[in-house]
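Here is what each chain is made of, one letter per residue.
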Amino acid sequence: MSSATMIRMHNGGIRLLACAVLTGATLLVSGFAPPAHSAPARRTPVHTPAPEPAAPTVHARAAYLVDTTTGTVHLSRRATERVPIASLTKIMTAYVVLREARLSDVVTVKKLDVRHARRNDATHASLRAGERLTVRDLLHGVMLPSGADATHALARVYGPGQARFVAKMNAAARSLGLEDTRYSNADGLPKPRGGGYSTAFDQAKLADVVLRDRVLSAIAAEDRYTVRKTRVHRAHAWTNTNKLLRRVPGTLGIKTGYTRAAGYCLSFAADRDGHRLIGVLLGDPRPERRFRTAERLLEWASAQAAAYTGDF
């Protein structure tokens, strides 16, 4: 008695389709019929799965999408090309601040913090000189409205000074294995010193680290954050610039960015059916399209994961 096992390769994985036990019958080979004197061989029915859907169209200059639960890379497009990343830089700023400060620390906003955002025509958290806010509040001002004023204030205090703070950012990048990342300021603006560079792959790796941090992951997932007025600061209400939080269930954040040099950028993540998906889009020419693309990529990757684990 002998046996034959039919095996099909499926995207790098092996799936058992059928096992037929042959008892003197002749094994059918495509294009050949059994001899006339043999009994007709019984074919084992094989289910042929439908073709996998193609990946959604991506217009971003660089893109990367990975399932960190399984290690499956669903999409990699110029993922190791060094490009400007605009305000995605602030993810590292927040990461470094949390290693230097306590959430309850109080920081006084200075005129130069407010002036920095105005002179660069940057997004801001509507801070005013003289306000005193906690590090917790300012980190929300960094991550939700992408405030260059809040970023500048934190870097100034926890460098101390911008240059020392940037040195800490680059040291952290090296320690995390971000080999193609270099920061030149704390907010990714073209001035001063060009804003630095990174890759879609490195930013996905950083997002994975941040999402494992209890405090940062909670901040990144906040859709809206309110600071009540006190005698030392005004009231503030900040809405997250990441529209996926309001569009896609299971979204975890984490950051948007834009400069003319970088284009429209998005670092995003979501938990779907036991899988954590992390993606990065860098350099899309259109602001809204990055969100639509991210949503489609998440749906597509979720379907891929279900197909890999489903039964035939």
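Values in this document were obtained by computation on a predicted structure and should not be read as measured data.

Looking at this model, I keep getting lost on the packing of helix α3 (residues 135-143) against helix α4 (residues 148-158). Mind explaining?
Relative placement of two packed helices is described by the angle separating their axes and the distance separating the axes. At a minimum axis separation of 8 Å, α3 and α4 run at an interaxial angle of 130°. One element, α3, and the other, α4, form an angle in the oblique class. Remark: the crossing between α3 and α4 carries left-handed chirality. Residue-level inspection shows Val135, Leu138, Leu139, Gly141 and Val142 of α3 in contact with α4, the latter providing Ala150, Thr151, Leu154 and Tyr158. Split into classes, the residues belonging to the contact of α3 with α4 amount to 7 nonpolar, 2 polar and no charged.

Please clarify how the UniProt feature "active site" (unreviewed entry) in the protein should be interpreted in this entry.
Per the UniProt entry, the sites bearing "active site" (unreviewed entry) are Ser87, Lys90 and Ser146 in this numbering. The annotated residues occupy 60 residues of the chain but converge on a single region, no pair of C-alpha atoms lying more than 7.7 Å apart. Within the annotated group just given, the residues that line the second largest pocket are Ser87, Lys90 and Ser146. Tracing the chain through its elements places Ser87 in the loop between β4 (72-77) and α1 (89-100). Ignoring sequence-local partners within four residues, the contact set of Ser87 consists of Ser146, Asp187, Lys255, Thr256, Gly257 and Tyr258. Structurally, the position occupied by Ser146 is in the loop between α3 and α4. On the basis of relative accessible area, Ser146 is assigned to the buried category, the value being 4%. Setting aside chain neighbours within four positions, we find Ser146 in contact with Ser87, Lys90, Thr123, His124, Gly141 and Lys255.

What is the right way to look at the UniProt feature "binding site: substrate" (unreviewed entry) in the protein in this model?
Per the UniProt entry, the sites bearing "binding site: substrate" (unreviewed entry) are Lys255 in this numbering. In this structure, Lys255 sits in strand β9 (residues 251-259). Judged by its relative accessible area of 1%, Lys255 falls in the buried class. In contact with Lys255, other than residues within four places in its own chain, are Ser87, Leu88, Lys90, Ile91, Val142, Met143, Ser146, Asn242, Cys265, Leu266 and Ser267.

For this particular structure, what's the right way to read the sheet that holds β9?
Each strand in a sheet pairs with its neighbour through backbone hydrogen bonds, running either in the same direction (parallel) or in the opposite one (antiparallel). Within the open sheet, the 5 strands sit side by side as β4-β3-β11-β10-β9. Their pairing is antiparallel. Only two strands of the sheet have a single partner each, and these edge strands are β4 and β9. The average undirected angle you get between the axes of adjacent strands in this sheet is 5°. Bridging between strand β3 (residues 62-67) and strand β11 (residues 275-284) involves 6 bridges; their strand directions are antiparallel. From the neighbouring strand, Asp67 faces β11, where its bridge partner is Leu277. Against the sheet, helix α6 (residues 200-211) engages β3, β9, β10 (263-272) and β11, with an angle of about 140° to β11.

Sorry, what's going on with the packing of α4 against helix α5 (residues 162-175) here?
Packing of α4 against α5 brings their axes to within 7 Å, and their N-to-C directions diverge by 90°. Classified by the angle their axes make, α4 and α5 are roughly perpendicular. Counted together, His152, Ala155, Arg156 and Tyr158 of α4 and Gln162, Phe165 and Lys168 of α5 form the full contact between these two elements. For the contact of α4 with α5, the per-class residue count stands at 3 nonpolar, 2 polar and 2 charged.

How should I be thinking about the pairing of β4 in this particular structure?
Both faces of the sheet carry side chains from a regular strand, because those side chains alternate between them. The sheet contact formed by β3 and β4 spans 5 bridges and is antiparallel. What sits directly across from Ala63, in β4, is Arg77. Linkage of β3 to β4, two consecutive antiparallel strands, is achieved through a turn of 4 residues, within which Gly71 is found at a positive phi near 85°.

Which parts of the structure should I look at to understand the packing of aromatic side chains?
Each aromatic ring pair is summarised here by two numbers: the centre-to-centre distance and the angle between the ring planes. In the structure shown here, the tally under the stated rule is 3 aromatic pairs. Ring geometry for Tyr225 versus Trp238: centroids 6.2 Å apart, planes at 15°, classification stacked. Taken together, the residues span a long stretch of sequence, with Tyr225 in strand β7 (residues 224-227) and Trp238 in strand β8 (residues 236-239) at a distance of 13 residues. Trp238 sits in the buried class, given a relative accessible area of 4%. Centre to centre, the rings of Tyr258 and Tyr264 are 4.1 Å apart; their planes meet at 20°, and the pair counts as stacked.

Mind showing me how you'd approach the nonpolar core here?
Soluble globular proteins: nonpolar side chains tend toward being buried together. Residues Met92, Leu139, Leu154 and Leu282 are the most contacted members of the largest nonpolar core, which totals 63 residues. The biggest single contributor to this core is α1, with 7 residues. If we ignore the near neighbours within four places in the chain, the residues touching Leu282 are Ala60, Arg61, Ala62, Val83, Ile85, Leu88, Thr199, Ala200, Ala262, Tyr264 and Cys265. Membership of the second largest hydrophobic core comes to 18 residues, among which are Leu277, Phe291, Ala294 and Ala301.

Reading the values: rules and limits
- Residues numbered from 1 in each chain as written.
- Predicted model: local features only at pLDDT ≥ 70, side-chain atom pairs only at ≥ 80, totals over all residues.
- Heavy atoms only, no water.
- Axes fitted to C-alpha atoms, helices over the stretch in contact; angles between N-to-C directions.
- Helix = DSSP H or I, 4+ residues; strand = E, 2+ residues; numbered from the N terminus.
- Parallel < 35°, antiparallel > 145°, perpendicular 65-115°, else oblique.
- Left-handed = near helix turned anticlockwise from the far one by under 90°.
- Contact = heavy atoms within 4.5 Å.
- Nonpolar A, V, L, I, M, F, W, Y, C, P; charged D, E, K, R; others polar.
- UniProt positions renumbered as here; feature names shortened; annotations may be inferred.
- 1 Å grid on protein atoms, 1.4 Å probe; cavity = no way out; pocket = protein on both sides within 12 Å on 5 of 7 lines; lining within 4 Å.
- Buried < 20%, exposed > 50% of the residue type's maximum accessible area, 1.4 Å probe, protein only.
- Pairing = 2+ DSSP bridges.
- Phe/Tyr/Trp six-rings, centres within 6.5 Å; stacked < 30°, edge-to-face > 60°.
- Core = buried A, V, L, I, M, F, W, Y, C linked by side-chain atoms within 4.5 Å.

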